[in-house]
Amino acid sequence: MPTLFFHAGACSLAPHIALEWIGAPYQAVPVEFGSPELLAVNPAGAVPALREDDGWLLTQCGAILHHLARIHPEAGLGGGDDPRAQADLDRWSSFFTGDLHPAFFPLFMPQRYTTGREKADLEAVQEAGRKLVRRKLALLDDHLKGREWVLAQRSVIDAYAFPMIRWAAKLLPEGISGWANVTALHDRIAADPAVQKVLAHEEGPKGE
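Predicted, not measured: the structure shown is a model, and the values here were computed from it. (Residues numbered from 1 in each chain as written. Predicted model: local features only at pLDDT ≥ 70, side-chain atom pairs only at ≥ 80, totals over all residues. Heavy atoms only, no water.)

**Some thoughts on the overall build of the protein**
Turning to step 1, where the next piece is worked out: When you go through the protein residue by residue, the secondary structure sums to 9 helices and 4 strands.
Turning to step 2, where the next piece is worked out: Counting from the amino terminus, the protein carries its helices and strands in the arrangement β-α-β-α-β-β-α-α-α-α-α-α-α.
Turning to step 3, where the next piece is worked out: For the protein, whose C-alpha radius of gyration is 17 Å, the value lies close to the compact-globule estimate of 17 Å for 208 residues.
Turning to step 4, where the next piece is worked out: Overall size of the protein, expressed as C-alpha extent along the three principal axes, is 50 × 45 × 35 Å.
Turning to step 5, where the next piece is worked out: For the protein, with 208 residues in total, the buried portion stands at 48%.
Turning to step 6, where the next piece is worked out: Taking as baseline every contact in the protein between residues at least 6 positions apart, the subset at least 24 positions apart corresponds to 66%.
Turning to step 7, where the next piece is worked out: Summed over its atoms, the accessible surface of the protein is roughly 10400 Å², and 53% of this surface lies on carbon and sulfur atoms.
Turning to step 8, where the next piece is worked out: Averaging the positions of the 20 positive and the 26 negative side-chain charges in the protein gives two centres separated by 6 Å. (Helix = DSSP H or I, 4+ residues; strand = E, 2+ residues; numbered from the N terminus. Rg over C-alpha atoms; globule rule 2.2 N^0.38 Å. Buried < 20%, exposed > 50% of the residue type's maximum accessible area, 1.4 Å probe, protein only. Contact = heavy atoms within 4.5 Å. Areas by Shrake-Rupley, 256 points an atom, 1.4 Å probe, with all protein chains shown as cover. Lys, Arg positive; Asp, Glu negative; His and termini not counted. Charge placed at Lys NZ, Arg CZ, Asp CG, Glu CD.)

Shown next, in the form of structure tokens:
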């Protein structure tokens, strides 16, 4: 069966959720960043990585999500069949890959964005990251007005959004309460039994 290599709390949560929504057999293997096990699978040292039965390996979160939607059309997670629906999926996948996800990098790794090593230097980088995250969340919140899901129906894009919304809730001092539509999407996904099963697998029943 397909094997997903994930790290708890990372964006690999998205394909883990998608696999659970699909309902086909799979296994999910936790790995540590920089571990020999992960580097043997993906020399870039990044998660997620999806290995199929024949050994074929796919990396990059967006690519894995698109692939899962395509090979499991019965799950209805591809956002629709017409060209514009597919383009909309591509658009929002690109938004999460290229806009929202990188906005968190200064928060996770501020030392990469300054030559200074004083606490004030790192805090300045993180504050710039927080401002960028807020701007991207505002765009997403506006888009979600009157919608239950990012696309016209539930899709792999909602799974993609979920870990990043969780990061924002944790890393922004004010949380996500200021973006009502983003909060509603988070709560809708978090209440899903399949998602709760995945979170229990990744973090333990008490989020440990």
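The rest of the description comes next.
**Quick look at the pattern of salt bridges**
Turning to step 1, where the next piece is worked out: The full count for this structure, using the stated rule, is 9 salt bridges.
Turning to step 2, where the next piece is worked out: Through salt bridges with shared partners, one network takes in Glu123, Glu127, Arg130, Arg134 and Glu174. (Salt bridge = Lys/Arg side-chain N within 4 Å of Asp/Glu carboxyl O.)

**Considerations on unusual backbone geometry**
Turning to step 1, where the next piece is worked out: For the peptide bond that leads from Val47 to Pro48, omega is 5°, which places it in the cis range.
Turning to step 2, where the next piece is worked out: Turning to its location among the elements, Pro48 is positioned in the loop between helix H2 (36-41) and strand S3 (49-51).
Turning to step 3, where the next piece is worked out: Phi is positive for Gln60, which is not a glycine, with a value near 80°.
Turning to step 4, where the next piece is worked out: Locating Gln60 in the fold gives a position in the loop between strand S4 (57-59) and helix H3 (61-71).

**Considerations on the sheet that holds strand S1 (residues 3-6)**
Turning to step 1, where the next piece is worked out: As summarised here, the arrangement of the 4 strands in space is S2-S1-S3-S4, forming an open sheet in which the pairing is mixed. The outermost strands of the open sheet, each flanked by one partner alone, are strand S2 (27-30) and S4. Mean inter-strand twist for the sheet, computed between neighbouring axes without regard to direction, equals 20°.
Turning to step 2, where the next piece is worked out: Pairing geometry for S3 and S4, over 3 bridges, is antiparallel. In the strand pairing of S4, Arg51 is matched with Leu57.
Turning to step 3, where the next piece is worked out: Most of the contacts of H3 go to S4, to which it runs at about 125°, and overall it touches S3 and S4. (Pairing = 2+ DSSP bridges. Axes fitted to C-alpha atoms, helices over the stretch in contact; angles between N-to-C directions.)

**A look at the pairing of S2**
Turning to step 1, where the next piece is worked out: Two strands pair when backbone bridges link them, and S1 and S2 are joined in this way by 4 bridges, in the parallel orientation. Bridge assignment links Phe6 to a residue of S2, and that residue is Pro30.
Turning to step 2, where the next piece is worked out: Each parallel crossover has a hand, and for S1 linked through helix H1 (residues 13-22) to S2 it is right-handed. (Right-handed = clockwise from strand over helix to strand, strands pointing away.)

**Let's talk about the state of the cysteines**
Each disulfide consists of one covalent bond between the sulfur atoms belonging to two cysteines.
Turning to step 1, where the next piece is worked out: Tallied over the entire structure, the rule returns 0 disulfides.
Turning to step 2, where the next piece is worked out: For Cys61, which is in no disulfide, the shortest distance to another cysteine sulfur is to Cys11 and amounts to 4.3 Å.
Turning to step 3, where the next piece is worked out: Exposure remark for Cys61: the relative accessible area of 5% places this residue in the buried category. (Disulfide = S-S within 2.5 Å.)

**Structural notes on the environment of Ala75**
Turning to step 1, where the next piece is worked out: Tracing the backbone shows Ala75 in the loop between H3 and helix H4 (83-103).
Turning to step 2, where the next piece is worked out: Given a relative accessible area of 26%, Ala75 falls into the partly exposed group.
Turning to step 3, where the next piece is worked out: As a C-alpha pair, Ala75 and Ser155 span 80 residues in sequence and 9.1 Å in three-dimensional space.

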